[in-house]
Amino acid sequence: MSDVRRLAHQVMLGSFSGPVIPDWLAQSYADGLAGICLYGANLDAEGDVTELAQAVRALDPTAVLTLDEEGGDVTRLHMRHGSPYPGNAALGIRDDVQATQVVAAAIGAELAAAGIWLNLAPSADINSDPRNPVIGTRSFGQDPALVARHTSAYVAGLASQGVAACIKHFPGHGDTVTDSHIGLPHVSAPADVVRSRELVPFVANLDAASIMTSHVVLEAFDADQPATLSRAVLTDLLRKELGYAGVIVSDALDMAGASAIHGIGGAAVLSLAAGADLLCLGPEPTDQPSLITEAVDAVCRAVEEGHLDIGRLSDAAERVEALRTAWASFAPRADAAEVIADGRALSVEVAAAITATAPRFTGPATVLRINTGTNPAVGPTSWGQLDLGGTTIDLVPAALEGTPSFTGEVAIVVRRVDAVPEVSDWVQRQLADNPRAVLIELGWPSPALDDHDQVVRTYGSAAVLTDALGAALRAER
């Protein structure tokens with residue numbers, strides 16, 4: 001194998017589908033593959049990723065092993081049953097940085113027990129636009145200073161358990177109405193607004209081990225390319241102007257915002273040239289490492305043809321190797337069980353405080369769950385499991401027209417009620433027709449909900465939040 005090909009492997013973060021380690025992984029590690037990112041598709045029927053993660057780590061304890069464990073809506077450790085930890089929005093509403101650090105430490109302890117030493121979290125995005133389809137409750141809030149201090153607390157909590165953070169999505173994904181998994185978002189805010197809003201949490205955390213890019217076009221800095229592929233954003237802004245010295249991780253290049261035009265190989269070359277160091281490729285679509293091979297081939301070809309400087313590739317590989325050297329040789333802390341117990345107990349307290357003002361039902365209530373969909377970052381996570389002693393009915397948005405209003409005590413459970421106009425219209429009618437109906441908004445609450453008294457905002461769909469809400473709604477029975 002040529003030196004260039006090995007260097008190319010050393011900047012690739014691969015993945016695979018299913019709960020079984022593929023035969024090709026050992027050889028890819030031997031070829032120099034930087035590491036593996038686990039996704040929801042890697043969970044087995046019981047939803048336990050720990051055993052798989054430990055087996056992957058055993059193949060090469062020095063390799064990067066990572067996943068998205070934000071807590072709240074985005075969870076891999078607790079995908080089947082919902083997270084026992086509130087997500088960023090709920091922690092932001094609480095605004096207790098010590099609580100955020102304790103919760104993050106518990107998440108870090110669980111990751112460490114699985115052998116995972118890099119967490120693709122927290123989201124440091126400012127949720128500037130409440131219509132945002134991909135950030136929402138993954139954000140600590142709309143105030144840059146609040147987001148900055150909670151991001152710092154989260155990073156410290158993970159680090160206390162030997163787990164490195166990857167702050168995302170630079171330079172910010174909160175002021176968008178397009179999901180970069182399926183399209184290419186644009187932000188038209190002037191540079192001074194981006195600097196005083198989106199960049200604040202990143203500037204406050206430039207000592208973080210890694211920062212993840214966004215597939216978002218920040219028109220004030222680069223009107224043509226998304227941040228992941230933009231030298232103006234990654235090198236000129238993040239490296240030179242802000243002075244960031246850690247590892248720049250690309251968001252998954254299989255997302256449409258990065259590879260719809262250029263393909264995986266083209267996106268890999270452009271991202272490296274822009275200044276990224278570790279390329280997250282997304283799950284392999286077959287039982288062979290086709291994405292890894294395509295990306296490596298493209299990088300080697302670009303170096304050979306002079307489109308990618310070998311020095312830039314070497315620099316990226318060196319940064320990744322430094323990250324591995326600094327973090328991979330950790331061991332779970334002796335007090336991990338206590339840290340997890342403290343984090344879960346505090347999570348229950350946070351959830352109870354958020355749901356304390358919910359109205360009380362006097363008897364068994366009907367639960368109407370309306371699934372308005374979610375984004376791939378959240379995936380098929382358990383949501384809205386609310387036990388109020390009555391019947392639970394799942395309603396399909398497309399079939400709401402003609403569905404009569406329900407009577408009696410009713411809890412309408414929705415994530416982002418305004419995401420689907422038909423759902424919003426039907427819920428408005430239900431609330432108007434039935435004064436005993438209550439809307440449970442699990443997503444980022446729309447300002448339009450401020451006009452209604454019959455609304456409970458949980459700031460996320462984590463199991464700990466819905467469990468607390470259920471207890472609050474049943475309190476006076």
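Residues numbered from 1 in each chain as written. Predicted model: local features only at pLDDT ≥ 70, side-chain atom pairs only at ≥ 80, totals over all residues. Heavy atoms only, no water.

### As for the pairing of strand β14 (residues 437-441)
Put simply, the rule is: Relative accessibility decides the category of a residue: with a 1.4 Å probe and only protein chains considered, values under 20% of the type maximum give buried, values over 50% give exposed, and everything between is partly exposed. A helix here means a DSSP run of H or I that spans at least four residues, while a strand means a run of E at least two residues long, and both kinds are numbered starting from the N terminus. One bridge is not enough; two strands pair if DSSP finds at least two bridges between them. Consider the strands pointing away from the viewer: the crossover is right-handed when the path from the first strand over the helix to the second runs clockwise.
Most of β14 is tucked away, with five of its five residues classed as buried. Going residue by residue along β14, you find A437, L439 and E441 tucked away on one face and V438 and I440 tucked away on the opposite face as well. By the bridge criterion, five bridges tie strand β13 (residues 410-414) to β14 in an arrangement that is parallel. In the strand pairing of β14, V414 is matched with E441. The parallel pair β13 and β14, bridged by helix α15 (residues 421-433), forms a crossover whose chirality is right-handed.

### Looking at the sheet that holds strand β11 (residues 365-370)
For clarity, the cut-off: Angles here are taken between N-to-C directions and fall from 0 to 180 degrees, while the axes themselves are lines fitted to C-alpha atoms, restricted in helices to the stretch in contact.
Pairing is parallel across the open sheet formed by five strands, whose spatial order is β12-β11-β13-β14-β15. The open sheet is flanked by β12 (389-395) and β15 (455-457), the only strands paired with a single partner. Averaged over all pairs of adjacent strands, the angle between their axes in this sheet comes to 20°, without regard to strand direction.

### Topic: the pattern of salt bridges
Note the threshold: The salt bridge criterion pairs a side-chain nitrogen of Lys or Arg with a carboxyl oxygen of Asp or Glu, the two atoms within 4 Å.
Applying the stated criterion to the full structure yields 16 salt bridges. One salt bridge in this structure joins R5 and D297, with 2.8 Å as the shortest N-O distance. Separated by 292 residues along the polypeptide, R5 in helix α1 (residues 3-9) and D297 in helix α12 (residues 290-305) bring together distant segments of the chain. When its relative accessible area of 26% is taken as the criterion, R5 is described as partly exposed.

### Quick notes on the sheet that holds strand β4 (residues 118-119)
Strand order in this open sheet of eight strands is β9-β7-β5-β4-β3-β2-β1-β10, and the pairing throughout is parallel. Each edge of the open sheet carries a strand with a single partner, namely β9 (247-249) and β10 (279-280). Two elements, strand β1 (residues 12-14) and β10, share two bridges in a ladder whose sense is parallel. For M12, the partnering residue across the bridge sits in β10 and is L279.

### Quick look at the packing of aromatic side chains
Formally: Only the six-membered ring of Trp is used, alongside the rings of Phe and Tyr, when aromatic pairs are assigned; centres must lie within 6.5 Å, and planes under 30 degrees apart are stacked while those over 60 apart are edge-to-face, with the rest tilted. For a lysine, the NZ atom is tested; for an arginine, the CZ atom; a charge sits over a ring if that atom is within 6 Å of the ring centre and within 35 degrees of the ring normal.
Enumeration over the complete set of coordinates arrives at three aromatic pairs. Geometrically, the ring pair formed by F170 and F202 is edge-to-face, given 5.2 Å between the ring centres and 90° between the ring planes. Here F170, found in strand β5 (residues 164-170), pairs with F202, found in helix α8 (residues 200-203); they are 32 residues apart in sequence, far enough to count as distant. Positioned above the aromatic ring of W383 is the side chain of R369, whose terminal nitrogen or guanidinium carbon lies 4.6 Å from the ring centre.

### A short note on helix α9 (residues 231-241)
An α-helical turn contains 3.6 residues, so a residue and the one three or four places further along point in the same direction. Note the following rule: Note on contacts: a residue pair qualifies if any of its non-hydrogen atoms lie within 4.5 Å across the two residues. Within 3.5 Å is the distance limit for a polar contact, defined as a pair of N or O atoms, with the added protein rule that one can donate a hydrogen and the other accept it, and that residues adjacent in sequence qualify only through two side-chain atoms.
Regarding α9, the residues found buried are V233, L234, T235, L237, L238 and R239. Each element contacted by the buried residues of α9 is listed here: β5, α7 (191-196), β7 (210-213), β9, α11 (263-274) and α13 (310-327). Of the residues that open α9, the one with a side-chain oxygen 3.3 Å from the backbone nitrogen of A232 is S230.

### Some details on the nonpolar core
To be explicit about the condition: For this analysis, a nonpolar core means a set of buried residues of the types Ala, Val, Leu, Ile, Met, Phe, Trp, Tyr and Cys, connected via side-chain atoms within 4.5 Å.
Counting 113 residues, the largest nonpolar core has M12, I36, L38, F170 and V299 as the members making the most contacts within it. It is α12 that contributes the most residues to this core, nine residues altogether. Not counting chain neighbours up to four residues away, the residues in contact with I36 comprise L13, G14, S15, F16, L25, Y29, V56, V64, L65 and T66.

### Here we look at the packing of α11 against α12
Formally: Angles below 35 degrees are treated as roughly parallel, those above 145 as roughly antiparallel, those between 65 and 115 as roughly perpendicular, and all remaining angles as oblique. For any helix crossing, the convention is left-handed if the near helix is rotated counterclockwise from the far helix by under a right angle, and right-handed if that rotation is clockwise. Side-chain classes are defined by residue name, with Ala, Val, Leu, Ile, Met, Phe, Trp, Tyr, Cys and Pro counting as nonpolar, Asp, Glu, Lys and Arg as charged, and the others, Gly among them, as polar.
Between α11 and α12, whose axes approach to 8 Å, the crossing angle comes to 55°. Between α11 and α12, the angle falls in the class oblique. As α11 packs across α12, the resulting crossing turns out to be right-handed. Between α11 and α12, the contacting residues are I264, G265, A268, V269 and L272 on the first element and L291, E294, A295, A298, V299 and A302 on the second. Of the residues that constitute the contact of α11 with α12, the class distribution is nine nonpolar, one polar and one charged.

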